[in-house]
Amino acid sequence: MPLGIFHGITTNPTLLERADHDCTLTSVQSLILEALSTIGCEEFMCQAWGSDAEEMYQIGMKLSEVDRKRVVVKVPVTMEGTKAASKLINSGVRVCLTACYSSDQAIIAAGLGAEYLAPYLGRMNDAGKDGIEECKRMQDIVDGMGSSTRIIVASIRDVKSMGDLMCHGMDTFTFSPDVARCLFREQLTIDAANDFEAAAKRGGGGM
């Protein structure tokens, strides 16, 4: 986060399980407070859970009450999830519709007025879809509807995919620390930086 190019942190029940972290209100609220106290973290996305719209709504309200300005509640783009999202938005909660696998689902997010829509790029590719084209069409739909909904592309597995999508107007992504590190692994740049340092030392470099 201190690098200044990352805006926030995101999680969901699957990621919590992988990290051996409890998926309870108390546990996630504690995680939110910890994340938002991190230097540079301006936003925290966490996912509401529940078997129906009302339960997701209630969980979402509880999660967001930690900091309504900086917490974004994610719900899946299902019928129940969309019902919950509508109530959350009307209650002043920032919402991201997630688990998006079809460009047509952008119609739902834009029509609802969700702040974000999160398509799963890598997983769409795994399912035999052209994830890049689906994401591009989502952006076209949102733009065509005159919506302020932002496409936050998830399941990013390589830096090149981000660059390709940025060329088509998408500027918001969520990805793992491993992918983030890849942004800084250009060997030619590393070699050039080392050459600069070596030259500085030869020239008596100091303050």
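If you're wondering where the values come from, they're calculated on a predicted model, not measured in any experiment. (Residues numbered from 1 in each chain as written. Predicted model: local features only at pLDDT ≥ 70, side-chain atom pairs only at ≥ 80, totals over all residues. Heavy atoms only, no water.)

## Considerations on the overall build of the protein chain
Phase 1 of the analysis: Within the protein chain, the secondary structure is distributed over 10 helices and 7 strands.
Phase 2 of the analysis: For the C-alpha atoms alone, the extent of the protein chain along its principal axes is close to 70 × 40 × 30 Å.
Phase 3 of the analysis: Taken across its 207 residues, the protein chain has 40% of its residues classed as buried.
Phase 4 of the analysis: Across the protein chain, the fraction of contacts at a sequence separation of at least 24, relative to all contacts at a separation of at least 6, is 55%.
Phase 5 of the analysis: Accessible surface, the protein chain: about 11,400 Å² in total, of which carbon and sulfur atoms supply 53%.
Phase 6 of the analysis: Distance from the positive charge centre (20 side chains) to the negative charge centre (28 side chains) of the protein chain: 2 Å. (Helix = DSSP H or I, 4+ residues; strand = E, 2+ residues; numbered from the N terminus. Buried < 20%, exposed > 50% of the residue type's maximum accessible area, 1.4 Å probe, protein only. Contact = heavy atoms within 4.5 Å. Areas by Shrake-Rupley, 256 points an atom, 1.4 Å probe, with all protein chains shown as cover. Lys, Arg positive; Asp, Glu negative; His and termini not counted. Charge placed at Lys NZ, Arg CZ, Asp CG, Glu CD.)

## Remarks on the sheet that holds strand β7 (residues 172-175)
Phase 1 of the analysis: The 7 strands are arranged β1-β2-β3-β4-β5-β6-β7 in an open sheet whose pairing can be described as parallel. Each edge of the open sheet carries a strand with a single partner, namely β1 (8-10) and β7. Geometrically, the sheet is characterised by an average inter-axis angle of 25° between neighbouring strands, direction not taken into account.
Phase 2 of the analysis: Along the sheet, helix α2 (residues 25-36) makes contact with β1, β2 (43-47) and β3 (71-76), crossing β2 at roughly 160°. (Pairing = 2+ DSSP bridges. Axes fitted to C-alpha atoms, helices over the stretch in contact; angles between N-to-C directions.)

## Thoughts on the nonpolar core
Phase 1 of the analysis: Counting residues in each nonpolar core, the largest one holds 46 residues, and the members touching the most others are I32, V75, L88, L97, L117, V153 and L165.
Phase 2 of the analysis: Looking at this core, the element that brings in the most residues is helix α3 (residues 53-64), giving 6 residues.
Phase 3 of the analysis: M45, V72, Y116 and I152 belong to the second largest nonpolar core, which has 6 residues in total. (Core = buried A, V, L, I, M, F, W, Y, C linked by side-chain atoms within 4.5 Å.)

## Focus: the environment of G8
Phase 1 of the analysis: Residue placement: G8 occurs in strand β1.
Phase 2 of the analysis: Between the alpha carbons of G8 and A35 there is a distance of 8.5 Å; along the sequence they are 27 residues apart.

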